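Residue-level structure breakdown
Letter by letter, the chains look like this.
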Amino acid sequence: MELYAQTLTQLQQKLQRREVSAMEITESVLRRIGEVDQQVGSYLLVDVIGARAQAAEADRRLAAGEAVSPVTGIPLGLKDLLSTKGMRTTCASKILEHYVPAYDATVVHRLRQAGAVLTGKLNMDEFAMGSSTENSAFQLTRNPWNLECVPGGSSGGSASAVAADECIASLGSDTGGSIRQPASFCGVVGLKPTYGRVSRYGLVAFASSLDQIGTFTKTVADAALLLSVVAGYDHHDSTSVKEPVPTWHTLLDRDLRSLTVGIPQEYFVEGMDTEVEQAVRRAIGFFADQGATIREVNLPHSDYAVATYYLVATAEASSNLARYDGVKYGYRSPDADGLLEMYCQTRSEGFGPEVKRRIMLGTYALSAGYYDAYYKKAQQVRTLIKQDFETVFSSCDIIVSPVSPTPAFRIGEKVDDPLQMYLTDILTIPVNLAGLPALSLPCGFSKSGLPIGLQMIARPFAEESLFQAAHQYEQATDWHREKPVINGSAN
Amino acid sequence: MDFEVVIGLEVHAQLRTKTKIFCSCATSFGDEPNANTCPVCTGLPGALPVLNRRVVEYAVKAGLATNCQIVNDSVFARKNYFYPDLPKGYQISQFDRPICLGGYLDIKVAGQEQKRIGITRIHMEEDAGKLVHPEHLYGVSYVDYNRACVPLLEIVSEPDMRSSAEAVAYLRALRDILVYLEICDGNMEEGSFRCDANVSIRPFGQQEFGTRAELKNMNSFRNVQRAIEYEVERQRKVIAGGGQVVQETRLWDVEKAMTISMRGKEEAHDYRYFPDPDLLPVQIPAEWISDLGASLPELPQAKKTRFISTYELAEVDAEGLTSSRALADFFEEAVKRFANPKMVSNWVMSELLRYLNDEKTSIDACPVTPAGLAALLAMIEAGTISGKIAKKVFATMYRERQNDPAAIVAAQGLVQIDDTSALAEVVRQVLAANPAEVEKYYGGKQKVFGFLVGQVMRQTRGQANPGLVNELLQQQLDAGRP
């Protein structure tokens, strides 16, 4: 098997045993990008020179017997909203098209310290707003399993790059499902850790109280490895939490008989694709077969989650995006006359339609006279949603559900209907409102050959139980071994 | 019709922390533009604020010193508006849950009873940057973000003041407290203590407030007083002329000595406040509050009252001495070594302050130490030198940073002449040399006595013991009386 097609775990072992060099892995990945990225469109920027330099440095560290980490010498991609010092960070927006950050995000800093090879920046929905990556100002990203379909979003590039073997793993961000949904659409493992588990410092904000950096990997074990490198308290982020960071990948084995799995009735919604439902039910059957206790549970406020989310997220976004005013950096309208016109034209020309839509929604929700009816009410409902989960977790270890009501949809299919697009995140959004950890992993394929994802949700900071349950399932199934055929070339 | 004046004040006090409120950049004043900036205070994408613990400490101290209730889970909010020197497009401030609520200050205006002014709230916030408009480049603006993220306290009073004198008394009292706490340098000219005044008038007896104007840009106590007085008069004229006062923001123009309309109410902003999701509520354990309370210094009013009762000083002297913590400390140090408070007070208030003012030196940098002053005063009391000589010695002590007055007296031969026979001889010479004056004295002109004393002092270069000179002169004049 080609090096680029292997998992982080496999490559790390090979590097430790000196069977391959970081440079060989990196060249393999760069070659793969050259072969397929024209079709897939994962990358906004490939840092060939930087990646080779980091690979050389990783090989030097390995040869010198210096302390290495699970990601030393491993090619990883970054969603283009993670600040990279000296490397463009655009958020797939025209307004930041030429913005070069002066500092590294904490996760980027940690990856560099750990000796990772950073291959480049991955496409996304503009400012992480969207569920299909069709909102990128720069390019379309296609689903490696069917180039006519979307990869999901907003971290579509991060998901498609891992699925297409254009990097070994990647980082994305999840505000309402932006990791789990594209992972599900692209047939890879997507992890959204507990809010506060990974520092947000340097993550260009969409909705601060919901945004969370997470991982895209080929296996659950890889997710455990990668998370252990980027997680942990950061004094630059007041909302990051001082929780110990376990070596999760050494704790993957678990007897499932002591596990209680909750099945939320509200998550098997009407209109759900039958193939999706069947695949998820089969996965639940696996846990039952292993002796786990399966329990039907209720999350009664789920109906309000999407509405709540679109008030909280847009309110925060309207404020977070105010800084793109053309004053200090980024795009500035060239022919504006006067300050107000400069602001208005810069923002009119710099932001895409979805971003504008959300800024307007959020501005409205926060405005005098509407605050109590919208923003404040949404925060109250958010508390109820959180309490729903607390109740369920008093008797369950994990909650299992589909990730998305349907497999990947076709490019252009929902572009003109924002509400339909918003509803694709109906099963992932409550997790962000409650700040919980959740994971998406492959649990089947539709007849048309599109991956189907299984969502697992756990208590705050109980990533361990997610990894254990998901790993057991993954060991017993072969879904994660499937590879898409791109451009006539499979592996 | 006669009107009652209603004034409420909003004060912005810049805190004397070494670093900014949400990052570790320096707060120093007057550095190269943008020298003290980082991704956080310039609001770069992805940067996050982290609260400076010292700012919370200072806010709690200010709250305790002004009798406020400390809110132990106050919340930072975002105040959203667009301005080029506001890097994030919002200011991080506190809104509906500020750190301090419901305090007061007692003020005293000369000739009136002491009065209590309510303090509505105190909250923490960040300052914005500064726009620079170069004179030679039309249409170009630069932004200096050194001041962005510098910590401020906003202290909002109740509309309890009824005159410009009360407003100034409140401002002085508030500034004295913040300076005493060593949390603000109180410099109005440099803008580290700035004030906006809400001014309205209403007919006496009316409950509802009149329409108010907000006055800005007053950078001294005198300007606050003048601006309010001008504004009250303006509103009086508007109403007398049958017009209505409009709610607006007005600037105080120092040159023209008048307030000028800056913006009307119709442009009022909707700031769309909401809790900043990047910052957690500020939790202040009760123990921390009590520790900070215990660490508070004696405050100006308490100190003044104690000075009056302990040292039996006049109110005006006690107020002067306690106007600065360092000056009060100087006084008390000197009194410890020379137990005549009245005399120490006189010397500090007259000689010492005169020199400091002339040289624009602060008391902290005073070359004369409390011990030096005490030693000097002891020499006067012991009769070693006269008060007049002491002033000369003091001048030397100040100029040469010499705090051993005895050494100066010895070196310059300034010891008082107590030798009766030597002084009697000088008196004789003076009487002999001024026959005309002696004649006048005998003719009933008592004033001449003083002139003759002066002549003796002159002959002895001021070193004669004045009491002895008086005695000897009287003796000789009486003896020679025709």
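Quantities reported herein were computed from a predicted structural model and do not represent experimental measurements.

Helix and strand counts for chain B come out as 15 helices and 16 strands. Relative to its length of 482 residues, chain B is extended, with a C-alpha radius of gyration of 30 Å against a globular reference of 23 Å. Oriented by its inertia axes, the alpha-carbon framework of chain B measures out at about 95 × 55 × 55 Å. When burial is assessed residue by residue, chain B has 52% of its 482 residues classed as buried. Considering only intrachain contacts with a sequence separation of at least 6, the fraction spanning at least 24 residues in chain B is 69%. Looking at charge distribution, chain B has the averaged site of its 54 positive side-chain charges lying 3 Å from that of its 63 negative ones.

This brings us to the interface of chain A and chain B. Facing 37 residues of chain A, the contacting portion of chain B comprises 32 residues. Carbon and sulfur atoms make up 59% of the surface buried where chain A meets chain B, a total of about 2,700 Å² over both sides. The largest contributions to the chain A side of the interface with chain B come from S238, R323 and K328 of chain A, which together make up 22% of the buried area. Our count for the chain A to chain B interface comes out at 1 salt bridge. In this structure, the salt-bridge partner of D278 of chain B is R200 of chain A, at a minimum N-O distance of 3.1 Å. Secondary structure elements with two or more residues in the side of chain A that touches chain B: α9 (305-320), α10 (339-350) and α11 (353-366) of chain A. Sort the elements by how many residues they give to the side of chain A that touches chain B and α9 of chain A lands first, with 4 residues.

All names here are of chain B. Where helix α8 (residues 341-359) contacts helix α9 (residues 370-381), the two axes come as close as 11 Å, and the packing angle between them is 120°. In terms of orientation, α8 lies oblique with respect to α9. As for how α8 packs across α9, the hand of that crossing is right-handed. Contacts between α8 and α9 involve M343, V344, W347 and V348 from the former and L373, L376, L377 and I380 from the latter. Taken together, the residues of the contact of α8 with α9 break down into 8 nonpolar, no polar and no charged.

In total, this model carries 0 disulfides over all chains according to the counting rule given. In this model C443 of chain A remains outside any disulfide bridge; the closest cysteine sulfur is found in C186 of chain A, 15 Å from its own. Left unpaired, C41 of chain B is separated from the closest cysteine sulfur, that of C25 of chain B, by 3.8 Å.

Each value, and the rule that gives it
- Residues numbered from 1 in each chain as written.
- Chains lettered and ligands numbered in written order.
- Predicted model: local features only at pLDDT ≥ 70, side-chain atom pairs only at ≥ 80, totals over all residues.
- Heavy atoms only, no water.
- Helix = DSSP H or I, 4+ residues; strand = E, 2+ residues; numbered from the N terminus.
- Rg over C-alpha atoms; globule rule 2.2 N^0.38 Å.
- Buried < 20%, exposed > 50% of the residue type's maximum accessible area, 1.4 Å probe, protein only.
- Contact = heavy atoms within 4.5 Å.
- Lys, Arg positive; Asp, Glu negative; His and termini not counted.
- Charge placed at Lys NZ, Arg CZ, Asp CG, Glu CD.
- Buried area = accessible area lost by both parts, 1.4 Å probe.
- Salt bridge = Lys/Arg side-chain N within 4 Å of Asp/Glu carboxyl O.
- Axes fitted to C-alpha atoms, helices over the stretch in contact; angles between N-to-C directions.
- Parallel < 35°, antiparallel > 145°, perpendicular 65-115°, else oblique.
- Left-handed = near helix turned anticlockwise from the far one by under 90°.
- Nonpolar A, V, L, I, M, F, W, Y, C, P; charged D, E, K, R; others polar.
- Disulfide = S-S within 2.5 Å.

Note that all results are geometric; they support no functional claim without further evidence.
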